[in-house]
Amino acid sequence: MFKTRITELFGIQYPLIQGGMRHVSRAELVAAVSDAGGLGFLSAHSFASPAALRAEIEKVRALTDKPFGVNLTILPKLSVKPEDSARVILDAGVSCVETAGGNPATFIAAFKDAGIKVLHKCTSVRFALKAEQLGADAVSLTGFEAAGHPGEDQVPNMVLIPAAVERLKIPVVANGGFADGRGLVAALALGAEGISMGTRFLMVKESPMAEAVKRRYLEASERDTTLICRSLGDSTRVLKNAFTDHILELERLGPAFHDEVLSMASSQRWVNAAERGDPDDGAYAAGVGIGLIHDVPDCRDLVQTIMSDAHAVIEQRLRAIAGC
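Each value, and the rule that gives it
- Residues numbered from 1 in each chain as written.
- Predicted model: local features only at pLDDT ≥ 70, side-chain atom pairs only at ≥ 80, totals over all residues.
- Heavy atoms only, no water.
- Domains from an automatic or database assignment.
- Contact = heavy atoms within 4.5 Å.
- Buried area = accessible area lost by both parts, 1.4 Å probe.
- Salt bridge = Lys/Arg side-chain N within 4 Å of Asp/Glu carboxyl O.
- Polar contact = N/O pair within 3.5 Å; in protein donor to acceptor, adjacent residues only side chain to side chain.
- Nonpolar A, V, L, I, M, F, W, Y, C, P; charged D, E, K, R; others polar.
- Helix = DSSP H or I, 4+ residues; strand = E, 2+ residues; numbered from the N terminus.
- Core = buried A, V, L, I, M, F, W, Y, C linked by side-chain atoms within 4.5 Å.
- Buried < 20%, exposed > 50% of the residue type's maximum accessible area, 1.4 Å probe, protein only.
- Pairing = 2+ DSSP bridges.
- Right-handed = clockwise from strand over helix to strand, strands pointing away.

**Regarding the domain arrangement of the chain**
Looking at the assigned domains, one finds that the chain contains domain 1 (5-208 + 295-322) and domain 2 (225-285). Relative to domain 2, the C-alpha centre of domain 1 lies at a distance of 25 Å. Opposite the 13 residues of domain 1 that make contact, domain 2 presents 14 residues. Around 1100 Å² of area is buried between domain 1 and domain 2 when both sides are counted, 47% of it from carbon and sulfur atoms. Considering only the side of domain 1, the residues that lose the most area to domain 2 are Arg22, His23 and Glu152, jointly responsible for 44% of the buried surface there. At the boundary of domain 1 and domain 2, one finds zero salt bridges. Counting the contacts that link domain 1 with domain 2 gives nine residue pairs in polar contact (both at pLDDT 80 or more). A per-class count over the side of domain 1 that touches domain 2 returns four nonpolar, six polar and three charged.

Structure below.
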């Protein structure tokens, strides 16, 4: 058993968190992660209406009695306003929320007043310090290795996590590039209280991602991700394919093509492709940890393997090196 401030804060068995991922973070995956001893997060951004989000929350509750949360992405142009999703979260009595994206100030205040624990996901120490000041219970720091939006500072977790731990009083979760027990032990050694995984939990049997897309992820190495939209100030780490090569070529052609880049890089484009099972017609988020993923297990087996491997790293390797 690994007991950290994160396991105590959220009442979970293991310091493993499944980050909120659009399209993928649905009831079956979230419940499976939580049932396995981690903490699953629904993605509010995945649902077309507040009613659909409420129904998915109830679906998770029918599948597990373990703690779970909802990821609330705070952006201005979502099809469902963050304020509307927040009202559903409050009304449903969800125990924890992962905020991400824009300024979480008003949301953190409302959630804290309702007794809801807040994990704020951000990409830099300065944003983490602000979240702590606003009352967040913990932060999830996203390193440059992460899938999706790793921020513009380009700081990897080897530096980002200890830099944050030095300055924060609240617990830190490491996010980006983690896929196994070795990564968990490394994150704990850097001062984190747990890890958050997106790509690794995308690649389990309970994930709704299309099998053809999962196969493409399995074929990829740590060299098969790329950053698109850097020229727009919105770097996004995605799986390399001919589609993302075309996006990068349009970026090289300059600002006249930015609108086309935004349309091609949109999450709705890859979601539509995923629903068709097409791995070549979208920019699929993928972290560099994809190079460590070689199977598609069920959630419980994955969690148990991560934890047993972490114990083995400590007992067999680190103790031997330290002469203990």
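**Topic: the side chain of Ser196**
Counting through the fold element by element, Ser196 comes out in strand E8 (residues 194-197). Excluding residues within four positions of it along the chain, Ser196 makes contact with Ile17, Gln18, Gly19, Ser140, Val173, Ala174, Asn175 and Gly176.

**Regarding the nonpolar core**
Soluble globular proteins tend to pack their nonpolar side chains together in the buried interior. One finds Ile57, Phe111, Leu141, Tyr217 and Tyr284 to be the most contacted residues of the largest nonpolar core, which totals 80 residues. In terms of residue count, helix H14 (residues 299-322) provides more of this core than any other element does, seven residues in total. Looking at this core, you find at least three residues from each of domain 1 (5-208 + 295-322) and domain 2 (225-285). Setting aside residues no more than four positions away along its own chain, Phe111 makes contact with Leu72, Ala86, Ile89, Leu90, Val97, Thr99, Ile116 and Val118.

**Let's talk about the pairing of strand E4 (residues 96-101)**
Burial within E4 is extensive, with five of its six residues counted as buried. As judged from the six bridges shared by strand E3 (residues 68-74) and E4, these two strands associate in the parallel manner. What sits directly across from Gly69, in E4, is Cys96. Each parallel crossover has a hand, and for E3 linked through helix H4 (residues 82-92) to E4 it is right-handed. As judged from the four bridges shared by E4 and strand E5 (residues 117-122), these two strands associate in the parallel manner.

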